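# Chains, contacts and geometry: an overview
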Amino acid sequence: MNCKRCCTFGFAVLLLLVGFVGWGLESQPVPREETLVIATGLQPSTLDIGVCYEAASINVFLAVYERLVRYAPGSTSVEPELAESWQVSPDGKVWTFYLRQGVKFHDGTAFNAAAVKFSFDRVLELNLGPAWMFAPIEQIDVIDDYTVQFSLKHPYPEFLQVLANIFGTGIVSPTAVLEHDVGDFAQAWLSENMVGTGPYRFVEWVKGQHIILERFDEYWRGWKGREKAPKRVVIRYVLEPAVQRLLLEGGDVDIAMNISPDDWEVLKLNPHIRLIEEPSLHATYLRFNTAAGPTADRRVREAIRAALDYEAMIKNVLLGHAIQMQGSAGKGLPCHNDKLPMLKQDLDLARRLLAEAGYPYGGFTLEYMFESGHDDRRMVGELLQASLRKLGIELKIIELPWPSLWDRLCVASPEEHPAIVANGWWPDYADVINYLYPMYHSSQWPPVAFNIGFYKNPLVDQLLDQAQVETDPELRCQKLLTVQELIYADVADIPLYHLTTRVAMRDWVKGYVYSPIYTEGFYLYDMWIDR
Amino acid sequence: MWAFLVRRLSLTLVTLWGLTLITFLIVHIAPGDPARTAAGPQARQEQVEQIRKLYGLDQPLWVQYARYMGRLIRGDFGVSLWYKRPVSVELKTYLIPTLELAFCAAVLLICLGFPLGILSAIHRNSVLDHAVRLFALTGVSFPIFLLGLILQLVFYRALGWFPAGGRISPFVSPPQTITGFYIVDALLTGNWRALASALHHLALPAVTLAYGSAAVVSRMTRSCFLEVLGEEYIQTARAKGMPERIILLRHALRNALIPIITATALQIGSLLSGVLLVEVIFSWPGLGTYAYTSAVVLDVNAIMAITIVTALIYIGINLLADVLYAIIDPRIQYT
């Protein structure tokens, strides 16, 4: 008996010892002060730069891969990256890029024109995710080791913008791809590995936990004078925003990407935490069914547009974490029409328009659909519901998960579509045509693409077709401005707001610059830690 | 016994077949186009069609099912539409952390639930009994999500004793993979730093997961024990002057165990459903997160595989409970 007791006691002591010795071992000093830890919610499904088309990959792609050109920090203007300069033929169909010399991939091989051709050919061959943006490319030729030429099927004025976008544009090491190619263009291997030329190289991806990047010592820009740049970057996947806040306050993460609006207010009181909030280019709309039901009548659409309380939407629904849109394109982009009126609630106008349309007392019901998980869209629906009730219109709010919602919307018949769909749009590159063509050109009607309201205006189609190939920037801009005016006049939809991007960071993180287009990304080369 | 096992295993196969059929139908009949979801919102129609053809989604449903079952019999769960990798590889990546967490929670559940229930029964209406009742009450009434957050606030934020999430510190390399279970692998390779970090990270999620179930088991144990303690054979044993310890452990416990095992098996099974929330709160890279993502993006093969594996675990636990009945109570005979 005594022996048994001794054994039990011994086992308990052993457990405690393991726990405490273990605790001690774990709390051994680690180079925490040289590591930048970023907490974010979702991990990407794949790390393959030629396939991946998710915002969750932007942070790693921006650090590991480089493009021929990039968006300058904090702006939407394009600047050289791996290309030093470029030339465009007068007809806008041939683009020649002169490449930087002395650039190395993370596997030690040299970057050259062949690598550029290889990377883009791979994206076109795979034809997945971001490939549609490169469809106008007819051929890529290597002129010499450091000159590469893109021949296009037709003029593509936004080609430079497309090349600066994050998806499908990173140049990958051909040696690494060929080494791991098992007849799949190394898709399997690249889905879990990255070999680019960027300032940080890929170390490991522990699924669901973190991705670790390490400073690439042979980076072509050099590290002189940047001794405080983080040696290691850890991207931690923390789904729960409340936990991100805890980790940030505890100093276990340096940057948190998903702070809830309530926690944001609390963090404002913490002097050691810096909060950065900038309007994004993400746009939220209420898209009308312009081809069937009561909303096929422009006056009804205009009445609904006049009924919504925009001030309450920004102040009460979004708690100020958004700015109101002006027209259907991204505010702040070149060729955005700044002359369009800002929408305001006007119930008298709404009543008048409804009466003109033959509905003086309303008397009909509309369906309002939105994707699950977007509480802001649900609350906007409720706000609109309250306003429309005053006009005698019932709004039936329906929430659907994304696959189900798209199943409803990818139907060619307008009669089967809801009257209003709340949806969002992320532009891939900083050009208003990336909003206007997919959402308002009649060739993009369901089930093909994103003109989910079946909007059609022959003049809009004509101007967009012309803008797609117009090489004179001023003329092109004029056409795009007119398109925005026409869409506003036709009340194709209600442009609502641009949500802000909120980034919370410890005060020792320096050099962060918000990028309106690489919203989730970091220019890590320009950042440092000053504890 | 063997005949019983063979019959149960055959029934398991039938159950699994039914499960695959129902899940397959639900996943395919539910609104949503898996090819469109896999291609992404901005994909062109031709890209969607390419994916549909690549994964055989353009075939009639019965052909798809027959092909799926053909692959499943060979142990192949197919390729994930979303991750573009074999489902078995992904499943292994995410299932092992869940099993590790659930196993530790199950051990905690048994180590806490049984003794607390027995002590509570022996010291009926004492301070200890009331304390255990309070433990049970909080355990069953606290939402698991809230409990996790409170534990994080107390043990991470206020006291700094335990990490707030993750399976291992990002500053510690995971142990060399042998089984995939960090604790086992760290022990096998003598990687004490990884072992410490893994245990350290396991503590709070395991407690959160086990707490509610341990509460149920403790109450169940208490009531079963009290019932048995009132039996005449216990009174006879006491009258004969048998030591109380022997009465409790040899006579009372064994007779009280049958319903307790049933409750414990069900609770261990229910850990698998609770694990989803715990994984979200503690950033635990397990099956819950994988299941959630797969369901959202309608990853058909992944959903099927998760359902089958979860069902297998559940069936396995219940089978084990049945076998345990026979071992504990020789009167129970399966034919």
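The shown structure was predicted, so the numbers you read here are calculated from the model rather than taken from an experiment.

## A short note on the overall build of chain B
The helix and strand tally for chain B stands at 13 helices and zero strands. When the elements of chain B are put in sequence order from the N terminus, they spell out α-α-α-α-α-α-α-α-α-α-α-α-α. For chain B, the spread of C-alpha atoms along the principal axes amounts to about 85 × 55 × 40 Å. Every one of the 335 residues in chain B was classed for burial, and the buried ones make up 52%. When contacts within chain B are restricted to residue pairs at least 6 apart in sequence, those whose partners lie at least 24 apart make up 72%. A total accessible area of about 15,600 Å² is found for chain B, and carbon and sulfur atoms account for 70% of it. Here chain B carries 25 positive and 17 negative side-chain charges, and the mean point of each set is 3 Å from the other.

## Structural notes on the sheet that holds strand β5 (residues 94-99) of chain A
Residues and elements named next belong to chain A. Here we have four strands laid out as an open sheet, ordered β4-β5-β7-β6, and antiparallel in their pairing. At either margin of the open sheet sits one strand with a lone partner, and together these are β4 (83-88) and β6 (137-144). Geometrically, the sheet is characterised by an average inter-axis angle of 20° between neighbouring strands, direction not taken into account. Bridge count for β6 against strand β7 (residues 147-152) is six bridges, and the pairing is antiparallel. Paired with Gln139 across the two strands is Ser151, which belongs to β7.

## Observations concerning the interface of chain B and chain A
Taken together, the contacts link 56 residues of chain B with 57 residues of chain A. Here chain B and chain A share three salt bridges between them. At the junction of chain B with chain A, the criterion picks out 11 residue pairs in polar contact (both at pLDDT 80 or more). Elements that contribute at least two residues to the side of chain B that touches chain A include exactly α2 (34-39), α3 (45-54), α5 (87-122), α7 (144-158), α9 (192-229), α11 (244-281) and α12 (287-296) of chain B. Of the residues forming the side of chain B that touches chain A, the biggest block, seven residues, is contributed by α9 of chain B. Per-class residue counts for the side of chain B that touches chain A are 28 nonpolar, 18 polar and 10 charged.

## Topic: the pairing of strand β9 (residues 210-215) of chain A
Residues and elements named next belong to chain A. Among the six residues in β9, five count as buried, and that is most of the element. Of the pairings in the sheet, the one linking strand β8 (residues 200-206) to β9 comprises six bridges and is antiparallel in character. If you follow Arg201 over to β9, its bridge partner there is Glu214. Once β8 ends, the chain turns through three residues before running back antiparallel as β9, passing Gly208 with a positive phi of about 80°. Where β9 and strand β10 (residues 232-237) come together, five bridges link them in antiparallel fashion. Residue pairing for β10: Ile212 is matched across the bridge by Val234.

## Regarding the nonpolar core
As a rule of thumb, nonpolar side chains are buried together in soluble globular proteins. Among the nonpolar cores identified, the biggest contains 122 residues, and Phe97, Phe150, Leu213 and Ile255 of chain A are the most heavily contacted of them. The contact partners of Phe97 of chain A, leaving out residues within four places of it in the chain, are Leu68, Ala83, Ser85, Trp86, Tyr146, Thr147, Val148, Phe150, Phe159, Leu160 and Leu163 of chain A. Core analysis: the next-biggest nonpolar cluster, separate from the first, contains 76 residues, Cys104, Ala105, Ala164 and Leu271 of chain B among them.

## A closer look at the domain arrangement of chain A
Residues and elements named next belong to chain A. Structurally, chain A comprises domain 1 (28-64 + 178-278 + 502-529), domain 2 (69-176) and domain 3 (283-499). Distance from the C-alpha centre of domain 1 to the C-alpha centre of domain 3: 34 Å. Counting residues at the interface gives nine residues for domain 1, matched by nine residues for domain 3. Both sides together, the interface formed by domain 1 and domain 3 hides about 620 Å², and carbon and sulfur atoms give 56% of it.

## Thoughts on the state of the cysteines
Across all of its chains, the model carries one disulfide over all chains by this definition. The residue that forms a disulfide with Cys335 of chain A is Cys477 of chain A, at a sulfur-sulfur distance of 2.2 Å. Between Cys335 of chain A and Cys477 of chain A the sulfur-sulfur dihedral comes to about -125°; the bridge is accordingly left-handed. You can see Cys335 of chain A sitting in the loop between β13 (322-324) and α11 (347-356) and its partner Cys477 of chain A sitting in helix α16 (residues 473-490), a full 142 residues away along the chain. We note that Cys335 of chain A, like Cys477 of chain A, is buried. Cysteine Cys111 of chain B is unpaired, with the sulfur of Cys104 of chain B as its nearest cysteine sulfur at 11 Å.

## Concerning helix α3 (residues 113-126) of chain A
All names here are of chain A. End to end, α3 covers 20 Å across 14 residues, agreeing with the expected 20 Å (1.5 Å per residue, within 8%). Inspection of α3 places Ala113, Ala115, Val116, Phe118, Ser119, Phe120, Arg122, Val123 and Leu126 among the buried residues, and these make up the whole buried set. Backbone nitrogen of Ala114 and a side-chain oxygen of the N-cap are separated by 3.2 Å at the start of α3; the cap is Asn112. Downstream of α3 by a residue or two, Asn127 has a phi angle that is positive, lying close to 55°.

## Points about the environment of Tyr146 of chain A
Residue and element names in this part refer to chain A. If you trace the backbone, Tyr146 turns up in the loop between β6 and β7. On the basis of relative accessibility, which here comes to 22%, the residue Tyr146 falls in the partly exposed class. Along the chain, Tyr146 and Ala113 lie 33 residues apart, while their C-alpha atoms are 5.1 Å from each other.

## Here we look at the confidence of the model for chain B
For chain B, per-residue confidence averages 86 on the pLDDT scale, and residues scoring 70 or more make up 98% of the total. As scored by the predictor, the complex reaches a pTM of 0.84 and an ipTM of 0.79.

## Here's the deal with the packing of aromatic side chains
All names here are of chain A. Here the structure, examined in full by the defined rule, presents 33 aromatic pairs over all chains. Taking 5.6 Å as the distance between ring centres and 55° as the angle between the ring planes, the aromatic pair formed by Tyr219 and Trp220 counts as tilted. Look at Tyr219 and you get buried, because its relative accessible area is 4%. A ring pair is formed by Tyr219 and Trp223, whose centres lie 6.1 Å apart and whose planes are at 45°; its orientation type is tilted.

## Description of the packing of α9 of chain B against α11 of chain B
Residue and element names in this part refer to chain B. Running from amino to carboxyl end, α9 crosses α11 at an angle of 155°, the nearest separation of the two axes being 8 Å. The pairing of α9 with α11 is recorded here as roughly antiparallel in orientation. Crossing of α9 over α11 shows right-handed handedness. Split by residue class, the contact of α9 with α11 holds 19 nonpolar, eight polar and no charged.

## Points about the packing of helix α6 (residues 127-141) of chain B against α9 of chain B
All names here are of chain B. One can describe the packing of α6 onto α9 by two numbers: an axis separation of 7 Å at closest approach and a directional angle of 135°. Between α6 and α9, the crossing angle belongs to the class labelled oblique. You can see that α6 and α9 cross each other, and the crossing is left-handed. In this structure, α6 uses Asp129, Val132, Arg133, Phe135, Ala136, Thr138, Gly139 and Val140 to contact α9, whose residues at the interface are Tyr211, Gly212, Ala214, Ala215, Val216, Ser218, Arg219 and Arg222. Per-class residue counts for the contact of α6 with α9 are eight nonpolar, four polar and four charged.

## Thoughts on the pattern of salt bridges
Evaluation of the coordinates by the stated rule reveals 39 salt bridges over all chains. The partner of Arg378 of chain A in a salt bridge is Glu382 of chain A, with the nearest N and O atoms 3.2 Å apart. Of this pair, Arg378 of chain A and Glu382 of chain A both sit in helix α12 (residues 375-390), four residues apart, which is roughly one turn of the helix. We classify Arg378 of chain A as partly exposed; its relative accessible area is 27%. Look at Glu382 of chain A and you get partly exposed, because its relative accessible area is 36%. Between Glu100 of chain B and Arg167 of chain B there is a salt bridge, with the nearest N and O atoms lying 3.0 Å from each other. Taken as a pair, Glu100 of chain B in helix α5 and Arg167 of chain B in the loop between α7 and α8 (182-189) lie far apart in primary sequence, 67 residues in all. Exposure class is identical for Glu100 of chain B and Arg167 of chain B. Each is buried. Via salt bridges that share partners, Arg67, Arg70, Glu79, Glu81 and Arg221 of chain A belong to a single interconnected network.

Parameters at a glance
Residues numbered from 1 in each chain as written. Chains lettered and ligands numbered in written order. Predicted model: local features only at pLDDT ≥ 70, side-chain atom pairs only at ≥ 80, totals over all residues. Heavy atoms only, no water. Helix = DSSP H or I, 4+ residues; strand = E, 2+ residues; numbered from the N terminus. Buried < 20%, exposed > 50% of the residue type's maximum accessible area, 1.4 Å probe, protein only. Contact = heavy atoms within 4.5 Å. Areas by Shrake-Rupley, 256 points an atom, 1.4 Å probe, with all protein chains shown as cover. Lys, Arg positive; Asp, Glu negative; His and termini not counted. Charge placed at Lys NZ, Arg CZ, Asp CG, Glu CD. Pairing = 2+ DSSP bridges. Axes fitted to C-alpha atoms, helices over the stretch in contact; angles between N-to-C directions. Salt bridge = Lys/Arg side-chain N within 4 Å of Asp/Glu carboxyl O. Polar contact = N/O pair within 3.5 Å; in protein donor to acceptor, adjacent residues only side chain to side chain. Nonpolar A, V, L, I, M, F, W, Y, C, P; charged D, E, K, R; others polar. Core = buried A, V, L, I, M, F, W, Y, C linked by side-chain atoms within 4.5 Å. Domains from an automatic or database assignment. Buried area = accessible area lost by both parts, 1.4 Å probe. Disulfide = S-S within 2.5 Å. Expected span 1.5 Å × (residues − 1). pLDDT = per-residue confidence, 0-100. Phe/Tyr/Trp six-rings, centres within 6.5 Å; stacked < 30°, edge-to-face > 60°. Parallel < 35°, antiparallel > 145°, perpendicular 65-115°, else oblique. Left-handed = near helix turned anticlockwise from the far one by under 90°.

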